[in-house]
Amino acid sequence: MDKTRIGFIGLGLIGGSIARAIRKFHPEYELLAYSHTRSTLDEAVAEGVIDIPCSEEDPLFATCDYIFLCAPVQTNISYLPFLKQTISSRCVLTDVGSVKGEMHDAVAAAGLSANFIGGHPMAGSEKTGFSNSTDYLLENAYYVITPSDQAELSKISAYVDLVASLGAIPLVLSYEEHDYVVAGVSHLPHIVASCLVNAIARLDTEKERMKLVAAGGFKDITRIASSSPVMWQQICLTNKKQISRVLDEFIRLLIQAKYLVDQGDGDALYQMFESSKNYRDSLSDTVSGPTPKQYVLYCDIYDEAGGIATITTLLAMNGISIKNIGIIHNREFEEGVLRIEFYEEEACSKALTALKNRNYKVHQRQ
Ligand SMILES: NC(=O)C1=CN([C@@H]2O[C@H](COP(=O)(O)OP(=O)(O)OC[C@H]3O[C@@H](n4cnc5c(N)ncnc54)[C@H](O)[C@@H]3O)[C@@H](O)[C@H]2O)C=CC1
Ligand SMILES: O=C(O)C(=O)Cc1ccc(O)cc1
């Protein structure tokens, strides 16, 4: 059988990290890439990450099983006419953009819906460029997948499988839900960080004493204000409606907080900080104690590749988030089973019911 071929257009922090992870977990795959900075391609080839450097509209993209669009959102869209003329019907076309609605609209207008499955790894940093990419950036990170309504289930399953095989946690959502959710937990925090830094720059004393004594809290909450201005400009321009919606609620809460301070309303201020502390403490990365409890199921599967895809899709469709997934072989499970780990007990028991309803044989360690 021919080797699986994966193409990249754009090879910066995210494209580079996906390519490195594919190289690590699937060394037999053939990777080709175009990025408009020639030195990036040279570096990627020299490091053995990319096999074939391509030109901008290279006919070799016709031979790809997957193409990842990893440039800024508007740039990804500008490649669609070329891809429409070039790619084969079996190719899965995907992107990594932080906003999905505009991409889905452009894909539909270009007549590429049957090939398109949107993607968004919820991992990254304030850094950019191939030189900051790593083969572990995606590890244990949610990877939101927004299939177009015309993409075949077999393509979606294979793509979910590929994402899981890179150590990420696939989460299938509609692009509308994705854009609302990320407006809240990603776009709003970046805008808040930027405004906070700008506010302090304006409020600072002549001798910049605020800048001098800025403490850990200020630095923690504003790290992401160092992110790429052009990337965040494009995100704000392409997710206007949802960002405006979450900003409305945020501004309302800020006005309320000012009122409570002005009034000296101690009880209400206490409640404000107490409710945010409770919610923040409930986030999954804040589990306390020496050995956090694990919520794990073991499930018999017969066909590893197709089996994992079916199960991750089934769980995603039931709104169940997976923390980790993988096949294990040991004496307890001689045939090998799929180990699925969840963030919370509730997700674990929901998954147990969903899997049993589909007649899977599921084990739990006591
Ligand atoms: N930075 C982050 O933390 C995350 C970013 N994303 C999304 O990933 C995408 C890429 O972001 P990064 O990798 O962070 O940016 P980056 O700046 O590190 O990489 C962008 C890449 O696109 C290339 N590029 C720019 N114009 C091009 C063109 N006309 N043709 C071909 N290649 C071109 C650049 O040379 C570079 O290799 C964006 O759409 C962003 O929304 C998604 C998740 C996290
Ligand atoms: O650096 C951080 O904490 C981030 O929030 C990274 C990030 C940036 C953009 C995305 O679309 C997803 C993740």
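Residues numbered from 1 in each chain as written. Chains lettered and ligands numbered in written order. Predicted model: local features only at pLDDT ≥ 70, side-chain atom pairs only at ≥ 80, totals over all residues.

Trainee: Teacher, can you tell me more about the domain arrangement of the chain here?
Mentor: What the domain assignment reports for the chain is domain 1 (5-173), domain 2 (178-282) and domain 3 (296-363). Here the C-alpha centroids of domain 2 and domain 3 sit 38 Å apart. (Domains from an automatic or database assignment.)

Trainee: Looking at this structure, how should I read the nonpolar core?
Mentor: Most often, soluble globular proteins keep nonpolar side chains buried together rather than apart. Of all hydrophobic cores here, the largest spans 76 residues; its most connected members are Ala19, Ala33, Ile67, Phe68, Cys70, Ile145 and Val163. Structurally, this core is a two-domain feature, drawing no fewer than three residues from each of domain 1 (5-173) and domain 3 (296-363). Apart from the residues within four sequence positions on either side, Cys70 is in contact with Phe8, Ile9, Gly10, Leu11, Gly12, Ile14, Gly15 and Val96. (Core = buried A, V, L, I, M, F, W, Y, C linked by C-beta atoms within 7 Å. Buried ≥ 20, exposed ≤ 12 C-beta atoms within 10 Å, placed from the backbone. Contact = placed C-beta atoms within 7 Å.)

Trainee: I tried to follow the confidence of the model for the chain on my own but got confused; where do I start?
Mentor: Atomic detail in the predicted coordinates should be set aside for any region of low pLDDT. Overall, the prediction assigns the chain a mean pLDDT of 92, with 94% of residues at 70 or greater. The low-confidence segment residues 286-291 (pLDDT under 50) makes three contacts with residues lying over four places distant or belonging to another chain. Interface predicted TM-score (ipTM) for the complex: 0.98; the corresponding pTM is 0.80. (pLDDT = per-residue confidence, 0-100.)

Trainee: Please clarify how the site of ligand 1 should be interpreted in this entry.
Mentor: Taken together, 29 residues form the shell around ligand 1, and within it Gly10, Gly12, Ser98, Gly124 and Thr128 come nearest. Considering each element in turn, the shell around ligand 1 owes the most residues, three residues, to helix H1 (residues 13-25). Of the residues in the shell around ligand 1, the class split is 13 nonpolar, 16 polar and no charged. (Near = placed C-beta within 6 Å. Helix = DSSP H or I, 4+ residues; strand = E, 2+ residues; numbered from the N terminus. Nonpolar A, V, L, I, M, F, W, Y, C, P; charged D, E, K, R; others polar.)

Trainee: It is not clear to me how the pairing of strand E11 (residues 337-342) should be interpreted in this structure. Could you clarify?
Mentor: On a regular strand, one side chain projects to one face of the sheet and the next to the other, so that they alternate. The sheet contact formed by strand E9 (residues 295-299) and E11 spans five bridges and is antiparallel. Opposite Cys299, over in E11, you have Leu338 as the bridge partner. Across six bridges, strand E10 (residues 322-328) lies against E11 in antiparallel orientation. Considered in E11, the bridge of Ile322 is made with Phe342. (Pairing = 2+ DSSP bridges.)

Trainee: Help me understand the environment of Asn140 in this model?
Mentor: Take Asn140: it is sitting in the loop between strand E6 (117-121) and strand E7 (142-147). Taking C-alpha positions, Asn140 is 9.7 Å from Pro170, a pair spaced 30 residues apart along the chain. If near-sequence neighbours (up to four positions away) are discounted, Asn140 is found in contact with Gly167, Ile169, Lys323 and Asn324.

Trainee: How do you make sense of the sheet that holds strand E1 (residues 5-9) when you look at a structure like this?
Mentor: Adjacent strands of a sheet pair through backbone hydrogen bonds, lying either parallel or antiparallel. Spatial strand order, E3-E2-E1-E4-E5: five strands in an open sheet with parallel pairing. Two strands close off the open sheet at either side, each with one partner strand: strand E3 (52-53) and strand E5 (92-95). Sheet topology places strand E2 (residues 30-34) next to E3; two bridges connect them, and they run parallel. Across the sheet, the residue bridging to Ala33 is Pro53, located in E3.

Trainee: Help me understand helix H12 (residues 266-281) in this model?
Mentor: An α-helical segment advances 3.6 residues per turn. Residues three or four places apart therefore align on the same side. Along its 16 residues, H12 runs 22 Å from first to last C-alpha, staying within 8% of the 22 Å computed at 1.5 Å per residue. Counting buried positions along H12 yields zero of 16 residues, so the element is predominantly exposed. (Expected span 1.5 Å × (residues − 1).)

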